[in-house]
Amino acid sequence: MKTGRCGVKLGAWVIAACFGGLTPLAPAMAQTPPGAEARAANRIENIVAADQGGNVMLKLTMAQPLAAVPASFSVANPARVAFDFPDTANGLGRNSQALNAGDLRSVNIVQVGDRTRLVLNLTRVSPYDVRIDGKDVLITLSSAQMKEATGVGVAQSSQFAAPSAVGMGERHAIRDINFRRGKEGEGRLVVDLSDPNAGIDIRQQGTSLIVDFLKTDVPEQLRRKLDVMDFGTPVSTVLTQAQGGNVRMTITPKGLWEHNAYQSDNQFVLEVKPVREDPNKLTQGSAKGRFGGEKLSLNFQNIDVRSVLQVIADFTNFNIITSDSVQGNLTLRLKDVPWDQALDIILQARGLDMRKNGNVIWIAPRDELAAREKLDLEAKAQIGDLEPLRTESFQINYHKAKSVAEFLKSKDQTVLSKRGSVVPDERSNKIFVNDIPSRLEEMRRLIAEIDVEVRQVLIEAQIVEATDTFSRNLGVRLGFGGKTGGLLGTTTGGVQVYRNTFGSGNLSNTGYQAGQILTVPNFSDSLGVNLPASTINNKQAGAFSLALWNSAATRYIDLEVSALEADGRGKVVSRPRVMTADKAEAIIEQGTEIPYNSATSSGATSVSFRKANLALKVKPQVTPDGKIMMTLEVNKDSPNYNVALTSGVPIDTKHVKTEVVVENGGTIVIGGIYTQDVSNATTKIPLLGDLPVLGYLFRSNERKDNKTELLVFITPRIINDQLGLR
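Quick notes on the rules
- Residues numbered from 1 in each chain as written.
- Predicted model: local features only at pLDDT ≥ 70, side-chain atom pairs only at ≥ 80, totals over all residues.
- Heavy atoms only, no water.
- Helix = DSSP H or I, 4+ residues; strand = E, 2+ residues; numbered from the N terminus.
- Buried < 20%, exposed > 50% of the residue type's maximum accessible area, 1.4 Å probe, protein only.
- Contact = heavy atoms within 4.5 Å.
- Areas by Shrake-Rupley, 256 points an atom, 1.4 Å probe, with all protein chains shown as cover.
- Phe/Tyr/Trp six-rings, centres within 6.5 Å; stacked < 30°, edge-to-face > 60°.
- Pairing = 2+ DSSP bridges.
- Axes fitted to C-alpha atoms, helices over the stretch in contact; angles between N-to-C directions.
- Arc of directions from axis to C-beta.
- Parallel < 35°, antiparallel > 145°, perpendicular 65-115°, else oblique.
- Left-handed = near helix turned anticlockwise from the far one by under 90°.
- Nonpolar A, V, L, I, M, F, W, Y, C, P; charged D, E, K, R; others polar.
- Core = buried A, V, L, I, M, F, W, Y, C linked by side-chain atoms within 4.5 Å.
- Salt bridge = Lys/Arg side-chain N within 4 Å of Asp/Glu carboxyl O.
- Patch = residues over 30% accessible without salt bridge, like charges linked within 9 Å, V, L, I, M, F, W, Y side chains within 5 Å.

Colleague: What's the story with the overall build of the chain in this structure? I'm lost.
Modeller: When you go through the chain residue by residue, the secondary structure sums to seven helices and 45 strands. Counting all 726 residues of the chain, 39% fall into the buried class. Pairs at least 24 residues apart make up 61% of the contacts formed inside the chain by residues separated by at least 6 positions. When the accessible surface of the chain is summed, it comes to about 40,400 Å², and 49% of that surface belongs to carbon and sulfur atoms.

Right under this line is the structure:
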């Protein structure tokens, strides 16, 4: 036997004692070595326990009073408390004693050399207090402090939300309870509360999850048991019931699972996620990169590695096979460490590694394991070269068999073996694969993943072009004249007609007579100021005319005031829409083709065409989270016939090209153009046009304010064959 810190001999029973009494101790393994009791200065003579008002009182009677309280530590899972008595022997004559008082089930007493360890086996973690009264050591387990308000003991309790200080005396209520399935198969329990101040406790009790809402009421229609097996989550049932002044929810999951909870305002959410069993992990259900085994304590000095591994095997009930090349000693002291972490520390300290298969763990040096795995892989490769080939057909449903076959036969593929081959049949849309059975199984899995129904996407574009135009024009025409304005001719009756004579008729008749006031022949020739209001969009300005003359009608003044104010608003809405498959480009367009002459290299002219149309070009891609990523190109072209060109018609172009990510059914503005044209123009006669008030008779004013705005909206929707638009 080797000599270690925990005792004179490090046999199986001594290792179990140093381990903290956390493994079952057989009587044959826990015998006190001869002479050990005689070497110890003190000894434990009697142990009694009593349940006093919910607290458990354990009294140890010693042969001599202790000078100090014994060192102790506790383990959460399983619930145990250990006390170390130095220079003390076990004088009871037995190594275990059943007590069954309150939360205390039994005690184990193990002596190693001149030290004795007392282990209390509890039903739940309890705070404890130790004091010395003469020769008696009094240990008080305060189990009553660990009970909740309903009087039921809690093993692993966590207070999710404490009641707010303001609302300590108020009552809360549950308004609704819903159960849903998450995207990753987790069960999601959603509880709507009357206010966010309710206290919530969450704990795991056996295989169930308990959620207590403190000082909370629940309506009668919500006090029921929900059977949620059909949701396909780890949760099978949810039971809601009132207990005293609280509400308790009992969630019953199945299999391996883990949970988390969060609260947002008045909504409390509890998620129970499935945990996939990893055959290579020692403990299931622990988070990635962490250890979740039961905690233990190890204290060894210069102990054989194989003996420590045997201790862990006894504790975990795993079958550990140790290679003959595992040798050496180590010294370690671990307290309340998960056993899988302790095993990992030991393996790293000695340069070892492990492989797990079921409940068997094989431990060997890293190089030895790597060499053996390399030999296994080489043997499998040789078997693949000699294994007989088989032929199997695969029906392709949503792809072309030829494209799938080309993918499998590409240079970068690793699905087919070196002797494998694939042949497509376009008529039946099948592929025939000739390969070894293991590769055929991989082929079946690969085809099941890629041969899936292609989702359809409906893309609707809305192009809105709004215009707001305003213009105002003010003009004046002013003329002066008389009979001396110039002789135009003589009528047949001998009447002389001057340029500014009033009257109507032709020079060949006698229609012109003095004193008549009708129209003036060739009136514009007599105007001294000719600044009328201009037309806008072929709209004529309104005019107001008047004439002033002398009593003899030989002199006159003509005045014409013209004004135009135009205010227009318009909106053009275009809605092209197109449906296409996921990752397939689609184009839809509508418009005209405008001809124009183009010169050739020989000097001749030919007629070519250019499109002026409304076009939508899109290529959607559905992301794994249900969003739609699109490459978009939108054109809004129109011919402008208001501008005349000798070689053709100009085209007004509006074009946007972009890539966006949109929620399914959401609408996004991918582009917008806003233009504003403001102008003020004044035409006037110098000096006269600048006169106050009278200046308006010698000038013309024109003001324009035109606004144009273009917006492009895109709305994509994923098509569900069974439900229509999704």
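Colleague: Just checking my understanding: could you explain the packing of aromatic side chains for this structure?
Modeller: The full count for this structure, using the stated rule, is four aromatic pairs. On the basis of an interplanar angle of 40 degrees and a centroid distance of 5.6 Å, the ring pair of Phe318 and Trp339 is categorised as tilted. Here Trp339 lies in helix H4 (residues 339-349) and Phe318 lies in the loop between helix H3 (305-316) and strand E23 (319-322), a separation of 21 residues in the sequence. The residues Phe318 and Trp339 share a single accessibility class, namely buried.

Colleague: Sorry if this is basic, but what is going on with the sheet that holds strand E39 (residues 628-636) here?
Modeller: In a beta sheet, neighbouring strands are held together by backbone hydrogen bonds and run either parallel or antiparallel to one another. Read from one edge to the other, the open sheet built from four strands follows the order E37-E38-E39-E42, with strand pairing classed as antiparallel. With partners counted over all chains shown, the strands left at the sheet margins are strand E37 (586-599) and strand E42 (655-662), one partner each. Going across the sheet, the axis of each strand differs from the next one's by a mean of 20 degrees, ignoring polarity. In this sheet, E39 lies alongside strand E38 (residues 605-622) in antiparallel orientation, the contact comprising nine bridges.

Colleague: Please explain H4 as it appears in this structure.
Modeller: Given 3.6 residues per helical turn, the α-helix brings residues three or four places apart onto the same face. Those residues of H4 that fall on the buried side of the exposure criterion are Trp339, Asp340, Ala342, Leu343, Ile346 and Leu347. Looking down the long axis of H4, one finds its buried residues gathered within 160 degrees of arc, a one-sided arrangement. Residues Gln348 and Ala349 are exposed on H4 and point more than 90 degrees away from its buried face. Gly351, located one to two residues past H4, shows a positive phi value of around 70 degrees.

Colleague: Please clarify how unusual backbone geometry should be interpreted in this entry.
Modeller: It is generally the case that most residues other than glycine have a negative phi and that most peptide bonds are trans. Look at Asp87: it is not a glycine, yet its phi comes out positive at around 50 degrees. Here Asp87 shows up in the loop between strand E4 (80-85) and strand E5 (88-90). Residue class for Asp87 comes out partly exposed when judged on its relative accessible area of 34%. Positive phi, close to 50 degrees, is recorded for Lys215, a residue that is not glycine. Within the secondary structure, Lys215 is located in the loop between strand E15 (208-214) and strand E16 (216-217).

Colleague: Is there a simple way to explain the sheet that holds strand E29 (residues 430-435) in this structure?
Modeller: Pairing is antiparallel across the open sheet formed by three strands, whose spatial order is E27-E29-E28. Strands with a single pairing partner mark the edges of an open sheet, and in this sheet they are strand E27 (390-395) and strand E28 (421-425). Within the sheet, the average angular offset between the axes of one strand and its neighbour, ignoring direction, is 20 degrees. Across six bridges, E27 lies against E29 in antiparallel orientation. Of the residues in E29, the one forming a bridge with Glu392 is Val433.

Colleague: Can you walk me through the packing of H3 against H4 in this structure?
Modeller: Helix-helix packing is characterised by the crossing angle of the two axes and by the distance between the axes. Two numbers describe how H3 lies on H4: the axes approach to 11 Å, and their chain directions differ by 165 degrees. The angle between H3 and H4 places the two elements in the roughly antiparallel class. Crossing of H3 against H4: the hand is left-handed. Across the interface between the two elements, Val305, Val308, Leu309, Ile312, Phe315 and Thr316 from H3 touch Trp339, Leu343 and Ile346 from H4. Of the residues that constitute the contact of H3 with H4, the class distribution is eight nonpolar, one polar and no charged.

Colleague: Hey, could you run me through the nonpolar core in this one?
Modeller: As a rule of thumb, soluble globular proteins bury nonpolar side chains together. Leu298, Val305, Leu332, Trp339, Leu343, Ile346 and Ile363 are the most contacted members of the largest nonpolar core, which has 27 residues in total. Listing elements by their share of this core, those giving two or more residues are strand E22 (295-304), H3, strand E24 (329-338), H4, strand E25 (352-357) and strand E26 (360-365). When residues of this core are assigned to their parent elements, the largest contribution, seven residues, is made by H3. In this structure Val305 touches Val326, Gln327, Gly328, Asn329, Leu330, Ile346, Arg350 and Leu352, once residues within four positions along its chain are discounted. Of all hydrophobic cores here, the second largest spans 25 residues; its members include Ala198, Ile200, Val218 and Leu222.

Colleague: Sorry if this is basic, but what is going on with the pattern of salt bridges here?
Modeller: Opposite charge on two side chains permits pairing when their charged atoms draw close. Taken as a whole and assessed by the stated rule, the structure comprises 26 salt bridges. Here Asp84 and Arg117 are joined by a salt bridge, their closest N and O atoms 2.7 Å apart. Separated by 33 residues along the polypeptide, Asp84 in strand E4 and Arg117 in strand E8 (residues 115-122) bring together distant segments of the chain. Exposure remark for Asp84: the relative accessible area of 13% places this residue in the buried category. Arg117 gets classed as buried once you look at its relative accessible area, which sits at 10%. Because the salt bridges share partners, they merge into one network encompassing Glu186, Arg188 and Glu271.

Colleague: Looking at this structure, I do not really get a nonpolar patch on the surface. What am I missing?
Modeller: On the surface, a cluster of nonpolar side chains totalling about 250 Å² of accessible area is made up of Leu688, Leu691 and Leu694. Counting through the fold element by element, Leu691 comes out in the loop between strand E43 (668-684) and strand E44 (699-720). Overall, Leu691 belongs to the partly exposed group, its relative accessible area being 37%.

Colleague: I tried to follow the pairing of E38 on my own but got confused; where do I start?
Modeller: Each regular strand carries side chains that alternate between the two faces of the sheet. Two elements, E37 and E38, share 14 bridges in a ladder whose sense is antiparallel. By the bridge assignment for E38, Ile594 is matched with Arg610. Hairpin connection between E37 and E38: a loop of five residues separates the two successive antiparallel strands, and Gly603 in this loop has a positive phi of roughly 100 degrees. Connecting the antiparallel pair E38 and E39 is a turn made up of five residues, with Gly626 showing a positive phi of about 90 degrees.

Colleague: Please clarify how the pairing of E29 should be interpreted in this entry.
Modeller: Because side chains alternate across E29, one face comprises the buried residues Ile431, Val433 and Asp435, and the other comprises Lys430, Phe432 and Asn434, none of which is buried. Here five bridges tie E28 to E29, and the two strands are oriented antiparallel to one another. The partner of Asp425 across the bridge, within E29, is Lys430.

Geometric values such as these leave the question of function open.
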